[in-house]
Amino acid sequence: MERDDVIEYSLDTHHSEEEGKKIRKKIWFVTLLLTVVTAVEVLLGAFVKQGSSMWTTVKIIFIVLTLLKAGYIVLTFMHLGDEKKALKWIILLPYFIFIVYLMFIAFNEATAVGAEM
Amino acid sequence: MSGHASKEIDTTASWGGKVSPFSVSYGKLMMWFFLVSDALTFGGLLVAYGYTRYTFDGMWPIGEETFEALPFLGNGFPLVYVALMTFILIVSSVTMVLAVEAGHRMDKKGVIKWMLATIIGGFFFVGSQAWEWSHFIHGTEFGRVQLNDGSSAIVKGKFGKIKSFEVIEAGAHSPAVGELITNENISEEHGDLMHAFHHAAEEGHLEGSNATDLKIHLHDGTVAKVNREADKNLQLVVKEAGTQYAVSLPSDEETRIQGEKATELYYEAVTAGKVIYGANMEQNEYGPQQYGQFFFFITGFHGFHVFSGVVINILIFIGVLRGVYHKRGHYEMVEKTGLYWHFVDLVWVFVFTFFYLI
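This structure is a prediction, so every number in the text was calculated from the model and none was measured.

Please set out the overall build of chain B residue by residue, giving values where relevant.
Helix and strand counts for chain B stand at 11 helices and nine strands. On C-alpha atoms alone, chain B measures out to a radius of gyration of 27 Å, which is more than a quarter above the 21 Å that the 2.2 N^0.38 rule sets for 358 residues. Each of the three principal axes of chain B carries a C-alpha extent, and together these read 90 × 45 × 30 Å. Evaluated residue by residue, chain B yields a buried proportion of 42% over its 358 residues. Taking contacts inside chain B between residues at least 6 apart in sequence as the whole, the part at least 24 apart equals 65%.

Outline the packing of helix H3 (residues 26-55) of chain B against helix H9 (residues 289-321) of chain B, supporting the account with residue identities and numerical values.
Residue and element names in this part refer to chain B. Here H3 crosses H9 at 170 degrees, and the two axes come no closer than 11 Å. Between H3 and H9, the crossing angle belongs to the class labelled roughly antiparallel. In terms of crossing hand, the pair formed by H3 and H9 is left-handed. Taken together, the residues of H9 that come into contact with H3 (itself represented by Leu 45, Tyr 49 and Thr 52) are Gln 290, Phe 294, Phe 297, Ile 298 and Phe 301. Looking at the contact of H3 with H9 residue by residue, the classes come out as six nonpolar, two polar and no charged.

Give me the sheet that holds strand E1 (residues 144-146) of chain B: which residues, what numbers.
Residue and element names in this part refer to chain B. Strand order in the open sheet formed by four strands is E8-E2-E1-E9, and the pairing between neighbours is antiparallel. The sheet is open, and its two borders are formed by strand E8 (232-240) and strand E9 (275-276), each paired with just one other strand. As defined by bridge partners, E1 adjoins strand E2 (residues 152-158) across three bridges and the pair is classed as antiparallel. For Val 145, the partnering residue across the bridge sits in E2 and is Ala 153.

Rules behind the numbers
Residues numbered from 1 in each chain as written. Chains lettered and ligands numbered in written order. Predicted model: local features only at pLDDT ≥ 70, side-chain atom pairs only at ≥ 80, totals over all residues. Helix = DSSP H or I, 4+ residues; strand = E, 2+ residues; numbered from the N terminus. Rg over C-alpha atoms; globule rule 2.2 N^0.38 Å. Buried ≥ 20, exposed ≤ 12 C-beta atoms within 10 Å, placed from the backbone. Contact = placed C-beta atoms within 7 Å. Axes fitted to C-alpha atoms, helices over the stretch in contact; angles between N-to-C directions. Parallel < 35°, antiparallel > 145°, perpendicular 65-115°, else oblique. Left-handed = near helix turned anticlockwise from the far one by under 90°. Nonpolar A, V, L, I, M, F, W, Y, C, P; charged D, E, K, R; others polar. Pairing = 2+ DSSP bridges.

Spatial relationships are all this shows, so hold off on functional conclusions.
Right, dumping it as structure tokens:
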């Protein structure tokens, strides 16, 4: 029997040829960006030695670039940027709260334990 | 992709039920929830790695020193291989998103083309990881040595090629005295010359004082002279300080032990059996035990995700080929497996930064 109580949201995602062209253009742009960022990271890693005066700055650059890459992957490749705001936050917010908290307690504790040793 | 936000929900209608507040299907929502929990697992692993590293008192291994080998080309390419793996995964993520896009246009041929490319990329990545693991487990040619003052050091430079073993005293399975043991006629048990050399070094069955003047004792009682080229630019990078040698600074190559002193100390340690090659569950040549364990667990857990991703992709690919989703009127299954596949890429981006780069 055909059910009439299910809305097929899956059909909402269809798009036309012209829209597809625009989307593909964006995909290739993001590809280029991710590749360039990875190349920059590797070059920085290879040329800036750990413990040198630049190292702290480079570490921060690494983290910023990583978050940038992650942002593009999640929002563009995984289409989270195109989903409803409510969905976006129900995915991202719990994650951020837990992971930031975990990082906070773990690294705080690590500093204390490190000082003991 | 474009539909979601544009289809606003009528507030009065939403109280009547039947609508999802997120305008997505049940399956896609559940995939997202699964990914959040999986992301927390990986987050936990990386934080645990950070914790261990933070509390570790001493020199933690450096990514660009540890991972600098390429297949067929040898050493001296810091992080290039890992970067290549990252690139493979990014590209396969791109082909996946192109498959999803083709699905949104009901373009079956496009979906087939791009999904196939994604699966091939996945196999490439899993294969690369297998190579990397194998290299990590077998280790470098030099290994890590413990020096006579209690310090320990990894070694940089070019390992002199082992050409053959020249029999001095014949053993149970060896050729006659004066003949050569080469990679062609070496016993199965020893595998190859390099393997036999490493094994003998670990057991303290080498004698001599430098690369070109070594005697090896094999298992079957054979004693042989090792025919080798000399090492080039041998340097000892001290990782743990002893009574005499201080830790070498990563930012200053001058603090490494160099020249003849390095050769002398290195072969003194190797002939005393104080050398470790590669990695296992108890010890590794790269640094503390936990480093090896985190390497195996984090990259292994990720590799397992990639592997299962490839399997799921293949299953969905078969569905696409059989026209299951085309008949259904939408390619949402491709989109869902795509979400998982992108997630695997996402995790690798973080592993790359926090395990290899920093």
